[in-house]
Amino acid sequence: MGFTAEDTTRWVTVDGVKLRYHEAGSGAPLVLLHGSGAGVSGWANFGANLEALAPHFRCLVLDQPGFGASERPETYDRNYLRIAVDAVLGLLDELGIGSAHLLGNSMGGAVATLLAAEHPDRADRLVLMAPGGVGVNILGPEPSEGIRRLLDFNADPTPERAVDWLKTMVFDQAVLTEELIAARTAAASDPRQTKALADAYATFYNPAFADPVPLWARLRAIQHEVLMLWGRDDRVTPVEGALLPARQLPRADLRIFSRCGHWVQVERKDAFERAVIDFLHNGS
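Note that the structure is predicted; figures quoted are calculated from it, not measured.

So, how was this worked out
Residues numbered from 1 in each chain as written. Predicted model: local features only at pLDDT ≥ 70, side-chain atom pairs only at ≥ 80, totals over all residues. Heavy atoms only, no water. Helix = DSSP H or I, 4+ residues; strand = E, 2+ residues; numbered from the N terminus. Rg over C-alpha atoms; globule rule 2.2 N^0.38 Å. Buried < 20%, exposed > 50% of the residue type's maximum accessible area, 1.4 Å probe, protein only. Contact = heavy atoms within 4.5 Å. Areas by Shrake-Rupley, 256 points an atom, 1.4 Å probe, with all protein chains shown as cover. Salt bridge = Lys/Arg side-chain N within 4 Å of Asp/Glu carboxyl O. Right-handed = clockwise from strand over helix to strand, strands pointing away. Pairing = 2+ DSSP bridges. Expected span 1.5 Å × (residues − 1). Axes fitted to C-alpha atoms, helices over the stretch in contact; angles between N-to-C directions. 1 Å grid on protein atoms, 1.4 Å probe; cavity = no way out; pocket = protein on both sides within 12 Å on 5 of 7 lines; lining within 4 Å. Points joined across faces, edges and corners; volume = space filled by probe spheres on them. Nonpolar A, V, L, I, M, F, W, Y, C, P; charged D, E, K, R; others polar. Polar contact = N/O pair within 3.5 Å; in protein donor to acceptor, adjacent residues only side chain to side chain.

Visitor: For this particular structure, what's the right way to read the overall build of the protein chain?
Guide: Looking only at helices and strands, the protein chain features twelve helices and eight strands. Taking 2.2 N^0.38 as the reference for a compact globule, 284 residues should give roughly 19 Å; the C-alpha atoms of the protein chain span a radius of gyration of 17 Å, in line with that estimate. Across the 284 residues of the protein chain, 52% fall into the buried class. Counted over contacts in the protein chain with a minimum sequence separation of 6, partners at least 24 positions apart contribute 74%. For the protein chain, the exposed surface amounts to about 11900 Å²; the carbon and sulfur share of it is 52%.

Visitor: I'm lost on the pattern of salt bridges in this one. Help?
Guide: Charged atoms that come close allow side chains of opposite charge to pair. In total, this model carries 17 salt bridges according to the counting rule given. Note that D63 is salt-bridged to R20, the shortest N-O span being 2.8 Å. With D63 in the loop between β4 (57–62) and α4 (80–94) and R20 in strand β2 (residues 17–24), the pair connects residues that are 43 residues apart, well separated along the chain. The residue D199 makes a salt bridge to R72 at a minimum N-O spacing of 2.7 Å.

Visitor: Is there a simple way to think about the pairing of strand β6 (residues 123–129) in this case?
Guide: Note on strand geometry: in a regular strand, side chains alternate between the two faces of the sheet. Taking burial as the measure, the seven residues of β6 include five buried ones, the bulk of the element. Between the parallel elements strand β5 (residues 100–105) and β6, the chain passes through helix α5 (residues 107–118) in a crossover that is right-handed. Where β6 meets strand β7 (residues 226–231), four bridges bridge the pair, whose relative direction is parallel. Bridge assignment links M129 to a residue of β7, and that residue is L229.

Visitor: Could you clarify how one ought to interpret helix α12 (residues 269–282) in this entry?
Guide: An α-helical turn contains 3.6 residues, so a residue and the one three or four places further along point in the same direction. Helix length check: α12, at 14 residues, gives a terminal C-alpha distance of 20 Å against a target of 20 Å (1.5 Å per residue), a fit within 8%. Within the span of α12, buried status applies to A271, F272, E273, A275, V276, I277, F279 and L280.

Visitor: Looking at this model, I keep getting lost on the environment of P207. Mind explaining?
Guide: Tracing the backbone shows P207 in the loop between α9 (191–204) and β7. Residue P207 is classed as exposed on the basis of its relative accessible area of 71%. Sequence spacing of P207 and T113 is 94 residues, and the spatial spacing of their C-alpha atoms is 21 Å.

Visitor: I tried to follow unusual backbone geometry on my own but got confused; where do I start?
Guide: Glycine aside, a negative phi is what most residues show, and trans is what most peptide bonds show. With an omega dihedral of 0 degrees, the bond running from E142 to P143 counts as a cis peptide bond. Structurally, the position occupied by P143 is in the loop between β6 and α6 (145–155). For A130, which is not glycine, the phi torsion reads 45 degrees and is therefore positive. Of note, A130 is situated in the loop between β6 and α6. Among the residues examined, A130 registers a relative accessible area of 0% and is labelled buried. Despite not being glycine, R259 shows a phi value in the positive range, around 55 degrees.

Visitor: Would you mind going over the sheet that holds β5 with me for this structure?
Guide: Working definition: the strands of a sheet are paired by backbone hydrogen bonds and lie parallel or antiparallel to each other. Read across the open sheet, the eight strands follow the order β1-β2-β4-β3-β5-β6-β7-β8; overall the sheet is mixed. The sheet is open, and its two borders are formed by β1 (9–14) and β8 (252–257), each paired with just one other strand. Neighbour to neighbour, the strand axes of the sheet diverge by 25 degrees on average, direction disregarded. Pairing of β5 with β6, which is carried by five bridges, proceeds in the parallel orientation. What sits directly across from G104, in β6, is L128. Here α4 sits on the sheet and contacts β1, β2, β3 (28–33), β4 and β5; the angle it forms with β1, its principal contact strand, is near 110 degrees.

Visitor: I'm lost on empty space enclosed by the protein in this one. Help?
Guide: To find leftover empty space, one rolls a probe the size of a water molecule over the atoms. Evaluation of the coordinates by the stated rule reveals one cavity of 30 Å³ or more. S36, G37, S106, M169 and H262 are, among the 16 residues lining the largest cavity, the residues nearest its centre. A per-class count over the lining of the largest cavity returns eight nonpolar, seven polar and one charged.

Visitor: Can you walk me through the environment of G146 in this structure?
Guide: Tracing the chain through its elements places G146 in helix α6. Contact partners of G146, with chain neighbours within four places excluded, come to W165, T168, R235 and V236.

Visitor: What should I look at first to understand α4 in this one?
Guide: Taking 1.5 Å of rise per residue, the 15 residues of α4 would be expected to cover 21 Å, and the 21 Å separating its terminal C-alpha atoms lies within 8% of that figure. Counting buried positions over the 15 residues of α4 gives eleven, a clear majority of the element. Of the positions making up α4, those classed as buried are Y80, L81, I83, A84, V85, A87, V88, L89, G90, L91 and L92. Near the N-terminus of α4, the side chain that reaches the backbone nitrogen of L81, with its oxygen 2.9 Å away, is that of N79. Trailing α4 by a residue or two, G96 shows a phi angle of about 70 degrees, which is positive.

Put into structure tokens, the structure is as follows:
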């Protein structure tokens with residue numbers, strides 16, 4: 001099919017903020033939500049998966065506010081996850097979509113989970129790929145090695161620190177081709193991107209923006225069918241974090257991928273795509 005970022009690019013304005021998304025395919029709507037890595041975008045996370053997913057779903061790959069080519073609010077006056085949830089709801093409203101499947105990677109998984117918890121009628125099935133805010137690291141350090149490397153890079157965006165961060169994303173270092181490293185380093189070194197990431201993370205650690213009940217403590221009330229995908233060798237959201245949501249989410253299945261770090265959609269691409277298609281078509 002040969003999807004490209006340019007051919008699939010669309011724009012929508014939500015609450016005065018111009019957002020980019022990519023659209024491909026037809027069928028049940030599927031919103032794909034990227035993580036929070038430096039220089040991240042919807043296309044960087046999921047562009048390579050569209051050829052497999054688009055024949056089955058109407059794929060909507062959103063650049064969340066402040067990331068990729070999307071604009072951001074002038075100030076982040078609340079937890080960034082809530083800003084992102086409102087962006088997804090605004091996208092669905094603008095496109096006349098009542099509800100959609102949600103597929104979220106890392107921070108995007110937290111956004112998908114929060115949306116399902118607070119707007120259950122707008123979410124169908126959920127695919128959560130090493131989601132942030134949903135698991136609890138019982139034994140490992142907090143923040144994790146991968147998050148520390150990300151914050152180090154964001155504070156001093158040098159190519160060397162970019163490589164240090166990227167190495168924590170994957171199990172197989174051969175995945176980190178010179179082309180991938182160059183592309184992510186260039187995007188991540190954009191001052192607008194580094195500020196957006198820093199501002200988003202600041203909301204996560206601001207006590208004034210903290211919910212009285214954390215997201216991981218609200219999982220039992222989420223009645224959606226959920227598929228959790230986790231890399232066994234994830235150094236960003238360690239696999240031990242899968243245990244609590246696997247127990248607390250009433251209708252969740254968990255699949256752990258060997259030989260895989262934080263980027264399941266990259267390192268186990270074919271298996272990831274088969275799992276998503278089977279789950280969203282057939283459920284549990």
